[in-house]
Structure formats: structure tokens, C-alpha cells
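Spelled out, the chains give:
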Amino acid sequence: MTETYTGPTQPEDIDDQADLESARLEREADAILMDGEARAFGPRPIHEAVREDAIAARDWSRTRADRLRRAVEDEPMRATLYALGLGVVIGMLIAR
């Protein structure tokens, strides 16, 4: 068997891949994780997770409601015709 001698590793030989996109993404992820250093790693308490999800759901629903309100205010006739058409389709499906 033959083995090649590699010798000691020099600092210049180490390639840390600092210029790759994946390395940049890893550094950003590490920065995000280290940002909450005070918070212990591992699963969050359920009440924290539920509270954060409720806040996200509230923000999402408010955004959608504002968007719908603006669309109806901009074109009330179109919104009325859509509602009428949808009502007719649902009525026909229920009548079956």
C-alpha cells in the first residue's frame, strides 16, 4: 500500500469558501440565529408560538380585508355582480 504524504496544513491552504452564495446564506442564517442569543435553543413554549401565529393571522386578515374593501370601493358594480353570480352558483349547488 502506498500513502501520500500531505504534510502539515498551512493557513493558506484552508479554503473557507467565503465567496460562495451558500457560504453567504449560512452566515446570514447564523446571524439570525445568534440575534436571539438570549432565547434558548430548542422548541418554543406553546403559548409563545400560538401568540405569534395569532398576531400573524391578524395581520394577514387585516391586510386582506383592507385590500377587499379598496377593491369594492373602487368598483362597486363589479363587486356586486360578482357577489350576485356567486350567490346564484351556490344556490344552484344547494338546490341539487
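This report concerns the structure included in the present document. (Residues numbered from 1 in each chain as written. Predicted model: local features only at pLDDT ≥ 70, side-chain atom pairs only at ≥ 80, totals over all residues. Heavy atoms only, no water.)

Attention now moves to the overall build of the protein. Secondary structure summary: the protein contains three helices and zero strands in total. Starting at the N terminus and ending at the C terminus, the protein contains elements arranged as α-α-α. A burial count over the protein gives 2% of its 96 residues as buried. (Helix = DSSP H or I, 4+ residues; strand = E, 2+ residues; numbered from the N terminus. Buried < 20%, exposed > 50% of the residue type's maximum accessible area, 1.4 Å probe, protein only.)

For the coordinates displayed, the defined rule picks out three salt bridges. The residue Asp59 makes a salt bridge to Arg58 at a minimum N-O spacing of 3.9 Å. Judged by its relative accessible area of 40%, Arg58 falls in the partly exposed class. Across the salt bridge formed by Arg69 and Asp66, the nearest N and O atoms sit 3.2 Å from each other. With Arg69 and Asp66 both in helix H2 (residues 46-74) and three residues apart, this pair spans about one turn of that helix. The exposure class assigned to Arg69 is partly exposed, which follows from its relative accessible area of 47%. Residue classification places Asp66 among the partly exposed residues on the basis of a relative accessible area of 37%. (Salt bridge = Lys/Arg side-chain N within 4 Å of Asp/Glu carboxyl O.)

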